[in-house]
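For reference, the chains in residue letters:
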Amino acid sequence: MGVYALWLVQRQLFDGVTAAIGIPAELSAIGLLLGAAPILTAVAIDRFTKSYELVGNHTLRGTSGFIARQQRQLELSPQVHLDLEQSVAGRLLGFGTLTFWTGDDRSRMVWKNVANPTAVMGLVDSMRRGSGGVRDTQPAAGEAGFSTGLAGVPAAPPPTPEETAAQILREAKKTKSTHFGPVTAPAGAEPARYDTPFGTYVDHKDGTVSHVESNLRMIRAPWGMQWEGDRFHGVPVQLTWPEAVGLFGRGSDVGYDVGGTMAMFGEAKRQASAYAHGYEVGRCRVHFAGRVDWRLPTADELGRLSASLQCFISETRHHRTDEEFGWDWRGEKNWSLVQLLYPELFPGPQLWSATGLGGGLAWAYDGSFPVGDHETAHQRAVVFVRNEAIE
């Protein structure tokens, strides 16, 4: 409108320019088109390459791009903060920029040029307080791509847990960063210690478990599940072994010829797969429980973090006591403890280790045998560990 007003006021100027160039005065409107074209182009690009949605009652989704599409999701919770920024033009025309971020600033989502942003803030606030009635829809016309759940507009189905897990994997590859949801503070309960023939295990009540003797701490659930302060929910991300070690770390390869056994079983292979024997850090940072140095465990570490992944074998196998039988692999004591420490893992998904074998194989826990060899092209879940001394 400003360009058109300028053209009307300065019509004689435009006519003089066209006369000097030698073209008919009727074509002086070309100046109007030249002035308005960049503005119209910018508006069209912003309108058709951005979409902001409220998915169900708990998820924010932002999509950008025209040919190559990029999508980001953020789970709503009381820990998600919301800021509004409006310029003078934004105040006059009713649009602004909304920024969603968590208390520790690890997750951030920015919605630009949102129409009627104060109404959107009220809607999001009601969602955070747990009120229902919000449906996810296709972007409404004139709303800068924002889905308001207006009556009569067909609702799009919310993403399935599998679609959410796939999105988490795509985002980790792109941003080189991932997390287990916005809730990261400990629940406040006192840690619980459990003594076993394999060492002492500590449940920190914040979604992590430590093995004291190994100086290892593990996130107790597979990547892709979200921590709610007292439990995890969702489904694990499934990825191939090359994807897993590329993102989260790779240890030294351990072949069949080490220790003389086919399976990843026995002290020789365990020692050969130790973290100290060589480890290449992955390119993706994992945020959880106030720490950012989580990584993929080696086969040795994957075994030591759970009594269920070990067998208690005494020197005199034929004279074992009932206590020893109880701590054997899937023995009554053993199985009860791992179900208490890792309710999302036992029974649960198959898990990659950071230890390769060579020839398209790597070591993994498959749910029925402590640690075995698997084809690297198959998809498995992953868990994360970090080195940490526990008193």
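Residues numbered from 1 in each chain as written. Predicted model: local features only at pLDDT ≥ 70, side-chain atom pairs only at ≥ 80, totals over all residues. Heavy atoms only, no water.

**As for the packing of aromatic side chains**
Okay, so step 1: Applying the stated criterion across every chain, the model contains 12 aromatic pairs.
Okay, so step 2: Ring geometry for Tyr256 versus Trp363: centroids 6.0 Å apart, planes at 90 degrees, classification edge-to-face. Of this pair, Tyr256 sits in the loop between β14 (250–251) and α8 (267–272) while Trp363 sits in strand β18 (residues 361–365); the two residues are 107 residues apart in sequence, bridging distant segments of the chain.
Okay, so step 3: A relative accessible area of 28% means that Tyr256 is categorised as partly exposed. (Phe/Tyr/Trp six-rings, centres within 6.5 Å; stacked < 30°, edge-to-face > 60°. Helix = DSSP H or I, 4+ residues; strand = E, 2+ residues; numbered from the N terminus. Buried < 20%, exposed > 50% of the residue type's maximum accessible area, 1.4 Å probe, protein only.)

**Things to note about helix α6 (residues 161–175)**
Okay, so step 1: Here α6 contains 15 residues, and its C-alpha end-to-end distance of 21 Å stays within 8% of the 21 Å for a straight helix at 1.5 Å per residue.
Okay, so step 2: Every buried residue of α6 is accounted for by Ala165, Gln167, Ile168, Leu169, Glu171 and Ala172.
Okay, so step 3: Considering only its buried residues, α6 is in contact with β3 (70–75), β7 (177–179), β12 (226–227) and α7 (241–248).
Okay, so step 4: Taken from the residues just after α6, Lys176 is the one with a positive phi, measuring 60 degrees. (Expected span 1.5 Å × (residues − 1). Contact = heavy atoms within 4.5 Å.)

**Side note on the nonpolar core**
Okay, so step 1: Of all hydrophobic cores here, the largest spans 32 residues; its most connected members are Trp223, Leu239, Phe248, Val382 and Phe384.
Okay, so step 2: Broken down by secondary-structure element, the contributors of at least two residues to this core are α6, α7, β17 (351–356) and β18.
Okay, so step 3: The greatest single-element share of this core, amounting to five residues, is contributed by α7.
Okay, so step 4: Phe248 has contacts with Thr178, Trp223, Leu239, Tyr279, Gly282, Cys284, Val286, Arg295, Leu296, Val382 and Phe384, leaving out every residue within four places of it along the chain.
Okay, so step 5: Ranked by size, the runner-up nonpolar core spans 19 residues in total, among them Leu302, Trp327, Trp335 and Val385. (Core = buried A, V, L, I, M, F, W, Y, C linked by side-chain atoms within 4.5 Å.)

**A look at the pairing of β17**
Okay, so step 1: By the criterion of burial, β17 is predominantly enclosed, with six of the six residues buried.
Okay, so step 2: As consecutive antiparallel partners, β17 and β18 are separated by four residues, and within that stretch Gly358 has a phi angle of approximately 100 degrees, a positive value. (Pairing = 2+ DSSP bridges.)

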